[in-house]
Amino acid sequence: MAAMTEEKAMELYHGGIDCSQLTFAHGLELMGMDPELGYKAGACFGGGMFCGKTCGCVTGSLMAIGMQYGHYKLNDRETKEEMMKVKAQFEEMFIAEHGSLMCNELLGYKIPEDMEKIMQEGLLDKICPKLAVTACNILEELL
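Okay, the packing of helix α6 (residues 77-98) against helix α10 (residues 128-142) next. Contact pair α6 / α10: the axes reach a minimum separation of 10 Å and the direction vectors enclose 145°. Crossing angle aside, the handedness with which α6 passes α10 is right-handed. Between α6 and α10, the residues in contact are V86, Q89, F90, M93, F94, E97 and H98 and K130, L131, T134, A135, I138, E141 and L142, respectively. In terms of residue class, the contact of α6 with α10 is built from eight nonpolar, three polar and three charged.

All right, on to the pattern of salt bridges then. Enumeration according to the criterion identifies three salt bridges in this entry. Between E6 and K130 there is a salt bridge, with its nearest N and O atoms 3.4 Å apart. Placement of the pair is E6 in helix α1 (residues 6-14) and K130 in helix α10, with a sequence separation of 124 residues. Residue classification places E6 among the partly exposed residues on the basis of a relative accessible area of 33%. Looking at K130, the relative accessible area reads 40%, which means it is partly exposed. Between E91 and K87 there is a salt bridge, with its nearest N and O atoms 2.7 Å apart. Of this pair, E91 and K87 both sit in helix α6, four residues apart, which is roughly one turn of the helix. For E91, a relative accessible area of 17% corresponds to the buried category.

The next thing to look at is the environment of M63. When you line up the elements, M63 lands in helix α5 (residues 56-69). M63 gets classed as partly exposed once you look at its relative accessible area, which sits at 21%. Along the sequence, M63 and Q21 sit 42 residues apart, while their C-alpha atoms lie 10.0 Å from each other. If we skip the residues at most four places from it in the chain, M63 touches F24, A41, G42 and F45.

Moving on, we get to α1. Residues of α1 that are buried include every one of A9, L12 and Y13, and no others. The arc that holds the buried residues of α1, viewed along the axis, is 100°, so those residues lie on one side. The outward face of α1, more than 90 degrees from its buried face, is lined by the exposed residues E7, E11 and H14. Buried positions along α1 lie against α2 (19-30), α3 (35-41), α5 and α10. Positive phi appears at G16, one or two residues downstream of α1, with a value of about 100°.

The next thing to look at is the layout of surface pockets. Considered as a void within the structure, the largest pocket measures approximately 440 Å³ in volume. Lining the largest pocket are 24 residues, with Y13, D18, M115, L124 and C128 positioned closest to its centre. At the level of secondary structure, the elements contributing two or more residues to the lining of the largest pocket comprise α1, α4 (46-52), α7 (103-107), α8 (115-120), α9 (123-126) and α10. Its residues placed into classes, the lining of the largest pocket shows 17 nonpolar, five polar and two charged. Space inside the second largest pocket adds up to approximately 150 Å³. M1, A2, A3, M4, K8, L12, L22, A25, H26, E29 and Y39 are the residues that line the second largest pocket. Listed by contribution, the elements that provide at least two residues to the lining of the second largest pocket are α1 and α2. If you tally residues by element for the lining of the second largest pocket, the top one is α2, at four residues. When its residues are assigned to classes, the lining of the second largest pocket shows eight nonpolar, one polar and two charged.

Cut-offs applied
- Residues numbered from 1 in each chain as written.
- Predicted model: local features only at pLDDT ≥ 70, side-chain atom pairs only at ≥ 80, totals over all residues.
- Heavy atoms only, no water.
- Axes fitted to C-alpha atoms, helices over the stretch in contact; angles between N-to-C directions.
- Helix = DSSP H or I, 4+ residues; strand = E, 2+ residues; numbered from the N terminus.
- Left-handed = near helix turned anticlockwise from the far one by under 90°.
- Contact = heavy atoms within 4.5 Å.
- Nonpolar A, V, L, I, M, F, W, Y, C, P; charged D, E, K, R; others polar.
- Salt bridge = Lys/Arg side-chain N within 4 Å of Asp/Glu carboxyl O.
- Buried < 20%, exposed > 50% of the residue type's maximum accessible area, 1.4 Å probe, protein only.
- Arc of directions from axis to C-beta.
- 1 Å grid on protein atoms, 1.4 Å probe; cavity = no way out; pocket = protein on both sides within 12 Å on 5 of 7 lines; lining within 4 Å.
- Points joined across faces, edges and corners; volume = space filled by probe spheres on them.

Here is the structure:
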């Protein structure tokens, strides 16, 4: 599997794939699973759930981490603790690189209110591909 690049992220964005879809699909691909499932399941989480909350690159990545490390059996505290450690690692690494997990903070605007300004300044093209590459690189390390 090829590493995520800013160019590949941009191509996906311009094709209508959002950040959450991109990162979840990348994570599934790393695990040998169908990336189409990531595109579908991640569809509602782009742009910080389309309102500037937690960055879609983060939510998509956390879904991938859940697929790899998530607990699903009753009273499985050990698996849950391991998953929480990996989740925290991801978040720490992402924050170290970009300073926040929040879409509106990463873009410097309120979403959706300032979406016109975001588009005029080309911030989605300038910032979001870098966020996607960081998230995918972290996933390659953690999964």
